[in-house]
Amino acid sequence: MYGVPKINIEPSLMMISVQDAEFKGNTMARYLQIFADTGVVVDMISQSAPHGTSMDFSFTASSSDLPLVMKAISAANLDKDAKASPLISVGYSKLNLFGEEMVTSCGVAARALNALAMAGIEVLLITTSDLDISLLVRSENEDAAYETLKKAYEL
């Protein structure tokens, strides 16, 4: 079990990425607010370390929200302060590893990443919290990733 008693899958996700956004305190908030105002529910928010005066960040949303995402991207492109246009890629699934030991067992994420790498499955985005680790994989790898993780955690 290794600290993970439960794994679930959320299929049909898209990733929205903003590359080379201006590195300022409110940049990511401004983009996220545009998506929130449009009614898009986002998850797995991840920011890179700044590089020079810019930064990259990504987040996920349900593929069923594509019309709302397109509306939000149009609004973001009209924002005079938004220097970078969000990009969309579709065809992802999120695997959530749940367990009470997430915060104290840093080996949980390492075990998941290693098991998936050994199976030839790329993890495109990872986020963690006190109670779960979320891994974004390509939809075509969803079943193999699930089986690999079940085996890695002996479920």
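What counts as what
Note on numbering: residues in each chain are counted from 1, in written sequence order. Predicted model: local features are reported for residues with pLDDT of at least 70 only, side-chain atom pairs are reported and counted for 80 or more only, and whole-chain, interface and lining totals are derived from all residues. The side-chain quantities take in all heavy atoms of the structure and omit both hydrogens and water. Buried residues of nine kinds, namely Ala, Val, Leu, Ile, Met, Phe, Trp, Tyr and Cys, make up a nonpolar core once their side-chain atoms join them within 4.5 Å. Categorising residues by exposure relies on relative accessible area from a 1.4 Å probe, with only protein chains included: less than 20% of the type maximum marks a residue as buried, more than 50% marks it as exposed, and the intermediate range marks it as partly exposed. By the criteria applied, helices consist of DSSP H or I runs no shorter than four residues and strands consist of E runs no shorter than two, each listed in order from the N terminus. In what follows, a contact means two residues having at least one pair of non-hydrogen atoms within 4.5 Å. Under the counting rule used here, the positive set is Lys and Arg, the negative set is Asp and Glu, and His together with the chain ends is not counted. Definition used for salt bridges: Asp or Glu carboxyl oxygen within 4 Å of a side-chain nitrogen of Lys or Arg. Polar contacts here mean pairs of N or O atoms no more than 3.5 Å apart (in protein, one a potential hydrogen donor and the other a potential acceptor; neighbouring residues in sequence count only if both atoms are side-chain atoms). DSSP bridges decide pairing: two strands pair if at least two such bridges lie between them. Fitted lines through C-alpha atoms give the axes, limited to the stretch in contact for helices. The angle between two N-to-C directions lies from 0 to 180 degrees. The split into domains, and so the bounds of each, comes from an automatic or database assignment of domains. Two parts lose some accessible area (1.4 Å probe) when they are put together, and adding that loss for both gives the buried area. Planes of paired rings set the category: under 30 degrees apart is stacked, over 60 is edge-to-face and the rest tilted, where pairs are Phe, Tyr or Trp rings (Trp by its six-membered ring) whose centres lie within 6.5 Å.

Moving on, we get to the nonpolar core. Core analysis: the largest hydrophobic core is formed by 18 residues, its most contacted members being Ile16, Ala21, Tyr31, Phe35, Phe57 and Val69. Elements supplying a minimum of two residues to this core: strand E1 (6-22), helix H1 (27-38), strand E3 (54-62) and helix H2 (66-78). Apart from the residues lying within four places of it in its own chain, the contact partners of Ile16 are Phe35, Phe57, Ser58, Phe59, Ala61, Val69, Pro86 and Leu87. If you look at the next biggest cluster of nonpolar residues, it comprises 17 residues, including Ala112, Ala115, Ile121 and Ala145.

Quick look at the side chain of Asp132 now. If you trace the backbone, Asp132 turns up in strand E6 (residues 132-138). No salt bridge forms around the buried Asp132; measuring N to O, its nearest opposite-charge neighbour Lys94 is 5.9 Å away. At 2.6 Å, the side chain of Asp132 and the side chain of Ser129 are in polar contact. Of note is the side chain of Asp132, whose polar atom sits 3.2 Å from the side chain of Ser134.

A few words on the pairing of E3. Within E3, 7 of the 9 residues are buried, which leaves the element mostly enclosed by the surrounding structure. Bridge analysis of E1 against E3 gives 8 bridges, and the strand direction is antiparallel. Its bridge partner lying in E3, Ala21 is registered against Met55. Relative to E3, strand E2 (residues 43-47) is paired through 3 bridges, and the arrangement is antiparallel. Across the sheet, the residue bridging to Asp43 is Thr60, located in E3.

Spatially, the 6 strands line up as an open sheet ordered E2-E3-E1-E4-E6-E5, and their pairing is antiparallel. Only two strands of the sheet have a single neighbouring strand rather than two, namely E2 and strand E5 (125-128). Going from strand to strand, the sheet's axes swing by 25° on average, the running direction of each strand aside. Strand direction decides the pairing type here: E1 and strand E4 (residues 87-98), joined by 10 bridges, are antiparallel. Bridge assignment links Glu10 to a residue of E4, and that residue is Lys94. On the sheet, H2 packs against E1, E3 and E4 and is oriented at approximately 120° with respect to E4. The sheet contacts of helix H3 (residues 107-118) involve E4, E5 and E6, and relative to E6 the element is tilted by about 15°.

Quick look at the domain arrangement of the protein chain now. Examined at the domain level, the protein chain breaks down into domain 1 (6-11 + 92-153) and domain 2 (13-91). The C-alpha-based centres of domain 1 and domain 2 are spaced at 24 Å. Contact residues are listed per partner, giving 14 residues for domain 1 and 12 residues for domain 2. Contact with domain 2 buries area across many residues of domain 1, yet Tyr92, Lys94 and Leu125 alone supply 61% of it, more than any other trio. With a closest N to O distance of 2.1 Å, Asp43 and Lys94 form a salt bridge. Counting every contact that joins domain 1 to domain 2 gives 4 residue pairs in polar contact (both at pLDDT 80 or more). Of all the secondary structure elements, the ones that give two or more residues to the side of domain 1 that touches domain 2 are E1, E4, E5 and E6.

Taken as a whole and assessed by the stated rule, the structure comprises 3 aromatic pairs. Residues Phe35 and Phe59 carry aromatic rings whose centres are separated by 5.0 Å and whose planes lie at 80° to one another, so their mutual orientation is edge-to-face. Of this pair, Phe35 sits in helix H1 while Phe59 sits in strand E3, and the two are 24 residues apart along the sequence. Both rings, one in Phe57 and one in Phe59, keep their centres 6.5 Å apart while their planes meet at 20°; by these two values the pair is stacked. When sorted by exposure, Phe57 lands in the same class as Phe59, which is buried. Linked through ring pairs, Tyr31, Phe35, Phe57 and Phe59 together constitute an aromatic cluster.

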